[in-house]
Amino acid sequence: MVNKHDVKKRMRQLAADYIHEPQQEAYKLDDTEMMLHIGPQNPIQPGPFLIDLKISGETVRDSKLYMGYGHKGIEKILESLTYIQGLPITDRMCYLSSLSNNEAYVSSVERLLDIEPPERSQYIRVIMQELSRIQSHLLGTGEYATDLGFVTMFLFMIREREYVLGLIEDITGARITHCFPRFGGVREDLPEGWREKAIDVLAMINEKCETYKELFSSDRTYRMRTVGIGTLTKEDVIKVGLTGPALRAAGIDYDVRKVYPTLTYPDIDFKVQTGNNGDIFDRIMVRINEIQESCWIIEQALDQIKPGPLFPDELPYGRRTPSMRVPPGEAYVPVEDPRGEIAIYIVSDGTDKPYRVKVRGPSFALMQGLPPMLENVYIADVPAIAASMDSCNSEVDR
Amino acid sequence: MDGETVLDSLKSQFQDAVMDAMVDSQPPHIVCANVDKEKIVDVCAYLKDNLQFNRLSGITSVDFLDKNKFEVVYMIASYDHSVIVKLKADVVRDENPSIDTVIPVWWNANWYEREVYELMGIYFNGHPEMTVLVLTDDMMGEWPFRKDYPGFPQTAAKYPYSDDQESVVESEYPLKWKSWPSERHYLE
Amino acid sequence: MCMHGRKARSHGCVEKEVIMPKDIRTPMQVITTTTSAIHEFLKKSPAQDVINWGRKNSLWFMTQPMGCCGVEMIATGCSHYDTDRFGIIPRCSPRHADVMVISGYIVRKYFPALKRLYEQMPSPKWVICMGNCSISGGPFYRSYSTLQNIDEIFPVDVYIAGCPPRPEALIQGFIELQKKIKAKTDKGTMYGVK
Amino acid sequence: MLEEQMDILLGLLYTIFGNENWWGPWIRGVVGLCAMGAIMVSAMFAVWLERKYASDIQSRIGPNRVGGRYGLLQLIADAIKLFAKEDLKPDKVDTPVWVGAPILMFGSALLMLIAIPFGAFVFNGTTYPLAVTQFDISILYLEAVSAIGIIGIFMAGWGSNNKFSVIAAFRNIARMIGYEVALGLTIVSVVIVTGSLNIVDIVEAQRSVVWFAFVMPLGFMIFGVSLIADMGRIPFDQNEAEEELIAGWGTEYSGMRFGLAYFAEYIHMVLGSCIAVLIFLGGWNMPGFLVDLNIPLIGLLPAGIFLAKWVLVMMFVILIRWALPRIRIDQVTSIGWKILFPLAMVNLVWAAMLGLVWPW
């Protein structure tokens, strides 16, 4: 058991010194420079993180990023829970797009169990993933718009997001943490009348995205703040190892749904959206185009879906999911999260609990690529760049 | 450029270093290989220069308590083709397990290696800033992800003390919310 | 602004012995009607109802999204579940905020920052625990790096269960806090405390 | 029956604002105090208008629970809460500067209302402006006093010993210097045309022919842009940018200190839009197309026209706040010096030519 004395020492040490007084020799401040802590509680991202900016006047000379304010030790918790108990935990890893986290976890376990979900539940999973992508992009772009002072755009986007959350809620019953897929199938079927409701919500979102794109690209003051700022060229993006919209904004059309197609993505044709010079403007445009692309994917999926069973006939574990034994082995299946490629590497040793779970999240690279971009940038651009990367800090710290 | 060609070129290049390499049957068709601890940087450099593996997807480590070894797993992928390579390097579970860093090959290995160090305790020789990334400063020496970490199932439902111990928080961390919290400036 | 540690002699009442905090120097014995004495008097008078009405109808909460509940808090502040109807606006600086909504898991690395934010807020200040993570650690109660006993560290007024609670639940939490303020049973205004 | 009451009212207004005997200034002093109260009420109306109109723009329901269906008492609840807040003074704060800043900002905002004629009234033939005092250099006085607010904001930023507010203070100074110049030049061009610095004469000059907004459209645009920059509202909102500087200069203020400074900003907005209406939109004169219908200005009609124009200008300012993103401080200063200043010079030349032929 953790003994009391070192707990006392640790709590006293925690309380006494302010968090992370940066070692002054790490930053040799000459007289014109100043240290600015954009602290753990900052209105830039939905999760807490700390940026130390060394600024002189209005330009940022150097920046240091402190993560870890959302570290819950999820991988350690997952090791002590059975496979089905671990599913709700993967929701809360990156809570902005919990369905793709579930998808990564479930497809890895399906590889271990060597089972294939039937046609209908694959289509339902594709629909749910695309819906989660739409609401995550809307929230990410909205958060970014507040950092430019565009509060009205944020409220419009969150209003659209409520409609999408309504659609998701009709099926899974939850708004943010769904815990929806199961090993080998899906928990619920599409309710009646959901198809028509989904089609006109998607039509509304499609035409709203047109207005956003037109508003974003035509507004003079907006272009002054975004074109050519926080650019990540092709070499930088490859060096940092980004995936997702931030990568595609630089012109590389790497999309996990095309490179490692799982589920029924090969039967659905969609175009991978790419920008050309990787600045803030392109990243946001790629995200809005992806929202429209996701609407198109869902319409195709809704046309191609046929009635059928949700689970395969013979399941290795039958109906006893809680005490399911998984054969020993390893699995690593990349899935397209709204922020990039997510994959959960599961090592199983034959018991009903995973031996080791490692989550490869996309936000890890997004946050790692932030400090190099903040050299010789104005203070006003720091929140804009950080929000345009749209990284989920809870996924970085796990 | 698919799994077999990568496998053959790897085997031909490093006969002794690469042991029991094979291609996974499941769809992403990952090329798995166990690599000797000393040769890991050369294999990675070879993969990056000759076989266009320009994306390090992740570094993780698995702790085999019974086999008394760590397994450092490198997931390497590429933007140009769809082959994933999984390299595993075994590190003996002794006093300070260490392996060479791959930062010269991939710049973004920096954070992955820092995370593996602070959570599992495997030191990466030659790493520029091996400091805390995710944990608090004082938890640096506890390697929480090891299998024999005592503090994990937080049995004390109310951290940091259980019911029998007296309240550590109140005495050590006095919050005077019972009296007016910010009266200090009045009394000066 | 009740002021402890001072000889609060006002309105000719009997001299009250006030708890003297150890580490604060005893000031010069200048007895004036201090603002805290005024506030003590106000608390007993009917004027407190008017003040409570004002405080109740303009609760400014601090934008501090810490976890999944933080995303629901953002959604509550926006157009669909508008909290502006009740006069509840998100504020960025702890100096302007009245209510601290702990929305999400409290990690031991983030806790000193949370504590400092609470101390920076001017009183009367209230704390709302939103979601299971802030009430009892939620799904991460077994983890080595989350705190489970927030109710012993902060004077929490309203607990909103749910993981994450729906925006309507958060709005009902605010309304419950308003009711407590109206009924003078909230912990922020320190009624009973001498 | 209505006419007699109107005459009594106009007679009363005449005794206060119109006559020139010895006790006239004394009564106008008292009326100045009442005008201060009136301005506070109109500032509260501005805050309520902003919250309600902004919620309409953002497709949400504004405050509707506090006072009746339209949330009228919302502002009073905010004021009571801010009054009853703890007066928290951070430790290492430069007390005289920190305490004096909101007072200076509030005072400078109130000083402006002495010279501003809030509309006019007609009493047997002659129109008398509802101004506390009229003096020859009233427009110059208004400009000078509104510039004192900048010192207040800088004192607030510097005094609160907080890095974010220091940056906000310097940003505010950088923006204001650029835009006071453009503001001053456009006002000078109006003065050249009318030939007098008295704001009442400027409004009288616009009665006969047409408003200055139509005569000098370029000057009107420059004036509008620099007025919004003067107020520090969204496109030029750098000193309170929530995302970058937490709450700008107001970071260390709490309770009624913050209320006072926040209120001063709205009073500045109210009086700024009053000046815009007076100088460029023809004060209490009838709109251009109605002049040829020669409807006589009777009774309190001019005051009503002034009120309508003032509310419209305020709604425009609020709409701009919620419709545009915020631009960076270096872009703000470059616009101020490189674009607005030369255009203001061009407008000055145009006004000089206009002045030669003005009474056409």
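Residues numbered from 1 in each chain as written. Chains lettered and ligands numbered in written order. Predicted model: local features only at pLDDT ≥ 70, side-chain atom pairs only at ≥ 80, totals over all residues. Heavy atoms only, no water.

*Asks:* Where do I start with the interface of chain A and chain B in this structure?
*Replies:* Taken together, the contacts link 52 residues of chain A with 56 residues of chain B. Taking both sides of the interface into account, the surface hidden between chain A and chain B amounts to around 5000 Å²; carbon and sulfur atoms contribute 60%. In this structure, the connection of chain A to chain B is made through 6 salt bridges. A salt bridge links Glu330 of chain A to Lys88 of chain B, with the nearest nitrogen and oxygen atoms 2.4 Å apart. Inspection of the chain A/chain B interface yields 18 residue pairs in polar contact (both at pLDDT 80 or more). Within the residue set of the side of chain A that touches chain B, elements represented by two or more residues are α1 (4-16), β3 (59-66), α2 (74-79), α9 (234-240), β8 (340-348), β9 (354-360), α13 (363-368) and α16 (393-397) of chain A. (Contact = heavy atoms within 4.5 Å. Buried area = accessible area lost by both parts, 1.4 Å probe. Salt bridge = Lys/Arg side-chain N within 4 Å of Asp/Glu carboxyl O. Polar contact = N/O pair within 3.5 Å; in protein donor to acceptor, adjacent residues only side chain to side chain. Helix = DSSP H or I, 4+ residues; strand = E, 2+ residues; numbered from the N terminus.)

*Asks:* When you look at unusual backbone geometry in this model, what are you seeing that I'm missing?
*Replies:* Glycine aside, residues mostly have negative phi, and peptide bonds are mostly found in the trans state. With an omega of -10°, the peptide bond running from Cys163 of chain C to Pro164 of chain C counts as cis. Residue Asn376 of chain A is not a glycine yet carries a positive backbone phi of 50°. Within the secondary structure, Asn376 of chain A sits in the loop between α14 (370-373) and β10 (377-378). Positive phi, close to 50°, is recorded for His29 of chain B, a residue that is not glycine.

*Asks:* Before we go on, may I ask you to explain the sheet that holds strand β3 (residues 55-64) of chain B in this structure?
*Replies:* Within a beta sheet, neighbouring strands are joined by backbone hydrogen bonds and run either parallel or antiparallel to one another. Residue and element names in this part refer to chain B. Strand order across the open sheet formed by 5 strands is β1-β2-β5-β4-β3, with mixed pairing between neighbours. Each edge of the open sheet carries a strand with a single partner, namely β1 (18-23) and β3. Neighbour to neighbour, the strand axes of the sheet diverge by 15° on average, direction disregarded. Judged from the 9 bridges that link them, β3 and strand β4 (residues 69-77) form a sheet pairing that is antiparallel. Opposite Ser61, over in β4, you have Val72 as the bridge partner. This element, helix α3 (residues 109-120), spans β3 and β4 of the sheet and lies at about 10° to β3. (Pairing = 2+ DSSP bridges. Axes fitted to C-alpha atoms, helices over the stretch in contact; angles between N-to-C directions.)

*Asks:* Teacher, can you tell me more about a nonpolar patch on the surface here?
*Replies:* All names here are of chain D. Side chains of Met6, Leu9, Leu12 and Leu300 sit close together on the surface and give an oily, nonpolar patch of about 300 Å² of accessible area. Inspection of the secondary structure puts Met6 in helix α1 (residues 2-18). Note on Met6: relative accessible area 31%, which makes it partly exposed. (Patch = residues over 30% accessible without salt bridge, like charges linked within 9 Å, V, L, I, M, F, W, Y side chains within 5 Å. Areas by Shrake-Rupley, 256 points an atom, 1.4 Å probe, with all protein chains shown as cover. Buried < 20%, exposed > 50% of the residue type's maximum accessible area, 1.4 Å probe, protein only.)

*Asks:* So what exactly am I meant to see when it comes to the interface of chain C and chain A here?
*Replies:* How big an interface is tends to be reported as the loss of accessible area on association of its parts. Facing the 36 residues of chain C at the interface are 40 residues of chain A. The largest share of the area that chain C buries against chain A comes from Val71, Lys109 and Phe140 of chain C, three residues that together contribute 18% of it. At the surface where chain C touches chain A, the tally comes to 2 salt bridges. Salt-bridge contacts for Glu169 of chain A lead to Arg166 of chain C; the nearest nitrogen and oxygen are separated by 2.6 Å.

*Asks:* Help me understand the environment of Gln129 of chain A in this model?
*Replies:* Residue and element names in this part refer to chain A. With respect to the helices and strands, Gln129 occurs in helix α5 (residues 119-147). A sequence separation of 206 residues divides Gln129 from Val335, and the C-alpha atoms of the two residues are 9.9 Å apart. Not counting residues within four places of it along the chain, the set of residues in contact with Gln129 comprises Ser100, Glu103, Leu263, Tyr265, Val335 and Glu336.

*Asks:* When you look at the packing of aromatic side chains in this model, what are you seeing that I'm missing?
*Replies:* All told, the structure shown has 36 aromatic pairs over all chains when counted by the stated rule. Ring plane angle 25° and centroid distance 4.9 Å describe the contact between Phe364 of chain A and Tyr112 of chain B, whose orientation is recorded as stacked. You can see Phe364 of chain A sitting in helix α13 and its partner Tyr112 of chain B sitting in helix α3, one on each of two chains. When sorted by exposure, Phe364 of chain A lands in the same class as Tyr112 of chain B, which is buried. (Phe/Tyr/Trp six-rings, centres within 6.5 Å; stacked < 30°, edge-to-face > 60°.)

*Asks:* Explanation requested: the pairing of β9 of chain A in the structure shown.
*Replies:* One face of the sheet, then the other: side chains in a regular strand alternate in exactly this way. Residues and elements named next belong to chain A. Within β9, 7 of the 7 residues are buried, leaving the element largely enclosed by the surrounding structure. Strand direction decides the pairing type here: β8 and β9, joined by 6 bridges, are antiparallel. Within the sheet, the bridge partner assigned to Val347 lies in β9 and is Arg356. In this antiparallel pair of consecutive strands, β8 and β9, the connection spans 5 residues, and Gly350 shows a positive phi of 85°.

*Asks:* What should I look at first to understand the packing of α5 of chain A against helix α12 (residues 280-304) of chain A in this one?
*Replies:* Axis angle and axis distance: for two packed helices, these are the angle between their axes and the distance between the axes, and together they describe the pair. All names here are of chain A. At their nearest, the axes of α5 and α12 sit 9 Å apart, and the two run at 155° to each other. Taken together, the axis directions place α5 and α12 in an arrangement best described as roughly antiparallel. In the crossing of α5 with α12, the sense of the turn from one axis to the other is left-handed. Facing α5, whose interface residues are Tyr123, Val126, Ile127, Glu130, Leu131, Arg133, Ile134, His137, Leu138, Thr141 and Tyr144, α12 presents Ile280, Ile284, Arg287, Glu290, Ile291, Ser294, Cys295, Ile297, Ile298, Ala301, Leu302 and Gln304. Of the residues contributing to the contact of α5 with α12, the split by class is 15 nonpolar, 4 polar and 4 charged. (Parallel < 35°, antiparallel > 145°, perpendicular 65-115°, else oblique. Left-handed = near helix turned anticlockwise from the far one by under 90°. Nonpolar A, V, L, I, M, F, W, Y, C, P; charged D, E, K, R; others polar.)

*Asks:* I tried to follow the side chain of Thr60 of chain B on my own but got confused; where do I start?
*Replies:* Tracing the chain through its elements places Thr60 of chain B in strand β3. Overall, Thr60 of chain B belongs to the buried group, its relative accessible area being 5%. For Thr60 of chain B, the side chain forms a polar contact with the side chain of Arg356 of chain A, separated by 3.2 Å. Excluding anything up to four places from it in sequence, Thr60 of chain B contacts Tyr345, Arg356 and Lys358 of chain A together with Glu71, Val72, Val73 and Val116 of chain B.

*Asks:* Hey, could you run me through the environment of Gln13 of chain B in this one?
*Replies:* Note that Gln13 of chain B resides in helix α1 (residues 3-13). Separated by 33 residues in sequence, Gln13 of chain B and Tyr46 of chain B have C-alpha atoms that sit 8.8 Å apart.

*Asks:* When you look at a negative patch on the surface in this model, what are you seeing that I'm missing?
*Replies:* All names here are of chain B. Among the surface-exposed residues, Asp16, Asp36, Glu38, Asp42 and Asp100 lie close enough to one another that they form a single negatively charged patch. Within the element layout of this structure, Asp100 appears in strand β6 (residues 98-100). The exposure class of Asp100 is partly exposed, given its relative accessible area of 31%. (Lys, Arg positive; Asp, Glu negative; His and termini not counted. Charge placed at Lys NZ, Arg CZ, Asp CG, Glu CD.)

*Asks:* Would you explain the sheet that holds β10 of chain A in this entry?
*Replies:* The 4 strands lie next to each other as β1-β2-β3-β10 (chain A), forming an open sheet whose pairing is antiparallel. Each having just a single partner strand, β1 (34-38) and β10 of chain A make up the two edges of the open sheet. Inspection of the sheet shows β1 of chain A paired to strand β2 (residues 50-56) of chain A by 5 bridges, in the antiparallel sense. Among the inter-strand pairings, Met35 of chain A is bridged to a residue of β2 of chain A, identified as Lys54 of chain A. Packing against the sheet, helix α6 (residues 163-194) of chain D makes contact with β1 and β2 of chain A, and its axis sits at approximately 110° to β1 of chain A.

*Asks:* Hey, could you run me through the nonpolar core in this one?
*Replies:* As a rule of thumb, soluble globular proteins bury nonpolar side chains together. Ranked by size, the top nonpolar core spans 230 residues in total, and within it Leu87 of chain B together with Phe154 of chain C carry the most contacts. Once you skip the residues sitting within four places of it in the chain, Leu87 of chain B turns out to touch Ala33, Val35, Ile40, Val43, Cys44, Leu47, Val72, Val73, Tyr74 and Ile76 of chain B. In terms of nonpolar packing, the next biggest core, distinct from the first, is built from 78 residues, Ala120, Ala264, Leu278 and Leu281 of chain D among them. (Core = buried A, V, L, I, M, F, W, Y, C linked by side-chain atoms within 4.5 Å.)

*Asks:* Is there a simple way to explain the environment of Ser25 of chain B in this structure?
*Replies:* Examined against the element boundaries, Ser25 of chain B turns out to sit in the loop between β1 and β2 (31-35). Expressed as a C-alpha distance, the spacing of Ser25 of chain B and Val62 of chain B, which sit 37 residues apart in the sequence, is 22 Å.

*Asks:* What exactly am I supposed to notice about the packing of helix α2 (residues 24-57) of chain D against helix α13 (residues 301-321) of chain D here?
*Replies:* Residue and element names in this part refer to chain D. One can describe the packing of α2 onto α13 by two numbers: an axis separation of 10 Å at closest approach and a directional angle of 50°. Between α2 and α13, the crossing angle belongs to the class labelled oblique. Once α2 is placed against α13, the crossing between them reads as right-handed. Contacts from Ser42, Phe45, Ala46, Leu49, Glu50, Tyr53 and Ile57 in α2 reach Trp310, Val311, Met314, Met315, Ile318, Leu319 and Arg321 in α13.

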